Amino acid sequence: MLTKTLRPQPRAEVMAIDAYVPGKSDVAGLAKVHKLSSNESPLGPSPRAVEAFRAAGADLAAYPDGSSRLLREAIARRYGLDVEQIICANGSDELFALLAHVYLSPGDEGLYSQYGFLEYPICIRAAGGVPVIADETHETADVDALLAKVSARTKLVFLANPNNPTGTYLPFAEVKRLHAGLPSDVLLVLDAAYAEYVSRNDYAAGIELVATSENVVMTRTFSKICGLASLRLGWAYAPAAVIDALNRVRAPFNVNGPAIAAGVAAIEDAGHVATAAEHNARWLPWLTEKIAALGVGVTPSVANFVLLHFPRQAGRTAADADRFLSARGFVLRGVAAYGLRDCLRMSVGTEEANQGVVAALAEFMQDGPHDR
Ligand SMILES: Cc1ncc(COP(=O)(O)O)c(C=O)c1O
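Quick caveat: nothing in here was measured; it's all calculated off a predicted structure.

Colleague: An account of the overall build of the chain is requested, with residue identities and associated values reported.
Modeller: Counting its secondary structure elements, the chain contains 13 helices and 13 strands. By the compact-globule yardstick of 21 Å for 372 residues, the chain fits well, its C-alpha radius of gyration being 21 Å. Reported as C-alpha extents along the three principal axes, the dimensions of the chain are approximately 60 × 55 × 50 Å. In the chain, the proportion of contacts linking residues at least 24 apart, taken out of those at least 6 apart, comes to 74%. Accessible surface computed for the chain: about 16,700 Å², of which carbon and sulfur atoms make up 54%. Side-chain charges in the chain split into 34 positive and 40 negative, and the spacing between the mean points of these groups amounts to 4 Å.

Colleague: Tell me about the sheet that holds strand β10 (residues 305–309), residues and numbers included.
Modeller: An order of β9-β10-β13-β12 is seen for the four strands of this open sheet, with the pairing classed as antiparallel. The two strands at the open ends of the sheet, each matched to only one other strand, are β9 (297–299) and β12 (333–334). The pairing of β12 with strand β13 (residues 343–347) spans two bridges and is antiparallel. From the neighbouring strand, Arg-333 faces β13, where its bridge partner is Arg-345. Across the sheet, helix α11 (residues 270–293) is in contact with β9, β10 and β13; its angle to β10 comes to roughly 10 degrees.

Colleague: An account of the packing of aromatic side chains is requested, with residue identities and associated values reported.
Modeller: Following the criterion strictly, the structure yields 14 aromatic pairs and no others. Taking 5.4 Å as the distance between ring centres and 40 degrees as the angle between the ring planes, the aromatic pair formed by Tyr-79 and Trp-235 counts as tilted. With Tyr-79 in helix α3 (residues 69–79) and Trp-235 in strand β8 (residues 234–237), this pair connects stretches of sequence that are 156 residues apart. In this structure Trp-235 comes out as buried when scored by relative accessible area, which is 2%. Among the aromatic side chains, those forming a connected cluster through ring pairs are Tyr-20, Phe-96, Tyr-112, Phe-117, Tyr-120 and Phe-158. Residue placement shows Arg-78 over the ring face of Tyr-79; its charged tip is 4.4 Å from the ring centre. For Arg-328, the ring lying beneath its charged end belongs to Phe-324, and the centroid distance is 3.5 Å.

Colleague: Give a detailed account of the state of the cysteines, specifying residues and quantitative values.
Modeller: Formally, a disulfide is one covalent bond, and it connects the sulfur atom of one cysteine to the sulfur atom of another. Across all of its chains, the model carries zero disulfides by this definition. The closest cysteine sulfur to the non-disulfide-bonded Cys-123 is located on Cys-88, 18 Å from its own sulfur. Counting only cysteine sulfurs, Cys-88 is the nearest neighbor of Cys-226, a cysteine outside any disulfide, at a range of 12 Å.

Colleague: Got a sec to walk through the nonpolar core? Specific residues and values, please.
Modeller: In terms of nonpolar packing, the biggest core is built from 61 residues, with Leu-71, Ile-75, Leu-159, Phe-222 and Trp-235 touching the most fellow members. Tallying contributions element by element places helix α10 (residues 257–268) first for this core, with seven residues. When near neighbours in sequence (up to four residues on either side) are disregarded, Phe-222 contacts Leu-71, Ile-75, Gly-227, Leu-228, Ala-229, Leu-233, Trp-235, Gly-263, Ala-266 and Ile-267. Grouped together as the second largest cluster of nonpolar side chains are 31 residues, Ala-127, Phe-158, Leu-246 and Tyr-338 included.

Colleague: If you had to explain the environment of Arg-153 to someone new, which residues and values would you point to?
Modeller: Within the secondary structure, Arg-153 is located in the loop between α6 (143–148) and β5 (154–160). Sequence separation between Arg-153 and Gly-110 is 43 residues, and the spatial gap between their C-alpha atoms is 8.6 Å. Residues in contact with Arg-153, not counting those within four places in the same chain, are Pro-106, Gly-107, Asp-108 and Glu-109. Separated by 3.0 Å, the side chains of Arg-153 and Asp-108 make a polar contact.

Colleague: How would you summarise α10 if you had to cite specific residues and measurements?
Modeller: For α10, spanning twelve residues, the distance from its first C-alpha to its last is 17 Å, which sits close to the expected 16 Å at 1.5 Å a residue. Within α10, nine of the twelve residues are buried, which leaves the element mostly enclosed by the surrounding structure. Taken as a whole, α10 has its buried residues at Pro-258, Ala-259, Ile-260, Ala-262, Gly-263, Val-264, Ala-265, Ala-266 and Ile-267. Buried-residue contacts for α10 involve α2 (47–56), α3 and α11. Its side-chain oxygen placed 2.9 Å from the backbone nitrogen of Ala-259, Asn-256 serves as the N-cap of α10.

Colleague: I'd like a description of the site of the ligand, backed by residues and values.
Modeller: Close to the ligand lie 14 residues; Ser-92, Asn-164, Asp-191, Thr-221 and Ser-223 are nearest. Here an oxygen atom of the ligand sits 2.7 Å away from a polar atom, N or O, in the side chain of Asn-164. Side-chain polar atom of Lys-224 to an oxygen atom of the ligand: 2.9 Å apart, as the coordinates give it. Within the complex, the protein chains bury 94% of what would otherwise be the 400 Å² of accessible surface of the ligand. Considered class by class, the residues forming the shell around the ligand number five nonpolar, five polar and four charged.

Rules used in this analysis
- Residues numbered from 1 in each chain as written.
- Predicted model: local features only at pLDDT ≥ 70, side-chain atom pairs only at ≥ 80, totals over all residues.
- Heavy atoms only, no water.
- Helix = DSSP H or I, 4+ residues; strand = E, 2+ residues; numbered from the N terminus.
- Rg over C-alpha atoms; globule rule 2.2 N^0.38 Å.
- Contact = heavy atoms within 4.5 Å.
- Areas by Shrake-Rupley, 256 points an atom, 1.4 Å probe, with all protein chains shown as cover.
- Lys, Arg positive; Asp, Glu negative; His and termini not counted.
- Charge placed at Lys NZ, Arg CZ, Asp CG, Glu CD.
- Pairing = 2+ DSSP bridges.
- Axes fitted to C-alpha atoms, helices over the stretch in contact; angles between N-to-C directions.
- Phe/Tyr/Trp six-rings, centres within 6.5 Å; stacked < 30°, edge-to-face > 60°.
- Buried < 20%, exposed > 50% of the residue type's maximum accessible area, 1.4 Å probe, protein only.
- Lys NZ or Arg CZ within 6 Å of the ring centre and 35° of its normal.
- Disulfide = S-S within 2.5 Å.
- Core = buried A, V, L, I, M, F, W, Y, C linked by side-chain atoms within 4.5 Å.
- Polar contact = N/O pair within 3.5 Å; in protein donor to acceptor, adjacent residues only side chain to side chain.
- Expected span 1.5 Å × (residues − 1).
- Near = heavy atom within 4 Å.
- Nonpolar A, V, L, I, M, F, W, Y, C, P; charged D, E, K, R; others polar.

So, to be careful, I would describe these as geometric facts and stop short of saying anything about function.
This is how it looks when you write it as structure tokens:
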């Protein structure tokens, strides 16, 4: 007989998950803030994408094309890829969840690096897998440390390149060395959410590796340089067998119609993407230099954000800086959940935001310690 206290129980591994906490977007009492907590584009989306989104609003009664064909074709044209090896999703987050769901059986291990993106352990656990963490060196993924953690249960390796929240990257030669060291039944997921910002000639997002192997997937997003985070649009380039498996389990209409339309327009507006990359190329080194000159440590970044390191001295800590900057309308990202308690992550913002943060940090570091 059922007792009265019986109630539905989530799987134990689900309750072991710490829910993802998104970046803050406001400050109580302040009408205007600069949100620098989610690595969004300070330039916003292409006007053509906004126009396409609005036009799609005229047809909201119809289901979207469940295969996102027009968007896959636009991506294929832009990057010279086989349209059948592209899958679109409700943000690249959805792809990580699908990949874990499809490739991890209970007890299988999903491997990632120490400061790797926090969505990875969430997806690994949700799929019944075991998250395994490899130490980093100088806040950068370490191929030898990753390979040393590979076991007979490893089925998935997630590598954000460049990584969030550190902004560091692995040269393509290192990514290839990682791939070469993995057993062929381990799937390597190259999360290239910030690829468009990288201007290093030893970097590659991973297209070549996907094209030449059976066990590599590259994921990309429209949330960052395309400025479409709100629409939730991501895609992956993967071997046909991986695409086939993902298509069996994804929701049939996982990408909505306005997102497909805006995504096509965004990817075709190469000029807008280039302008956003130029803005970043101008302000990333500026922020790095100015902030470091104030005595705040800055991890060298190739993405659209910087990781700032504050002293442990009372009144000058990362938490103190967060309060100080928030009160002045600059919302950065606390990264204690990554074990980076002394750090804040700051997205490259508009000129006004960047200059404002540097001026506020100068005040914070020069005056006596702040604890308010
Ligand atoms: C490394 C990394 N991958 C993926 C994402 C998520 O992208 P999407 O908005 O497409 O889900 C983010 C977002 O912050 C990220 O930092």
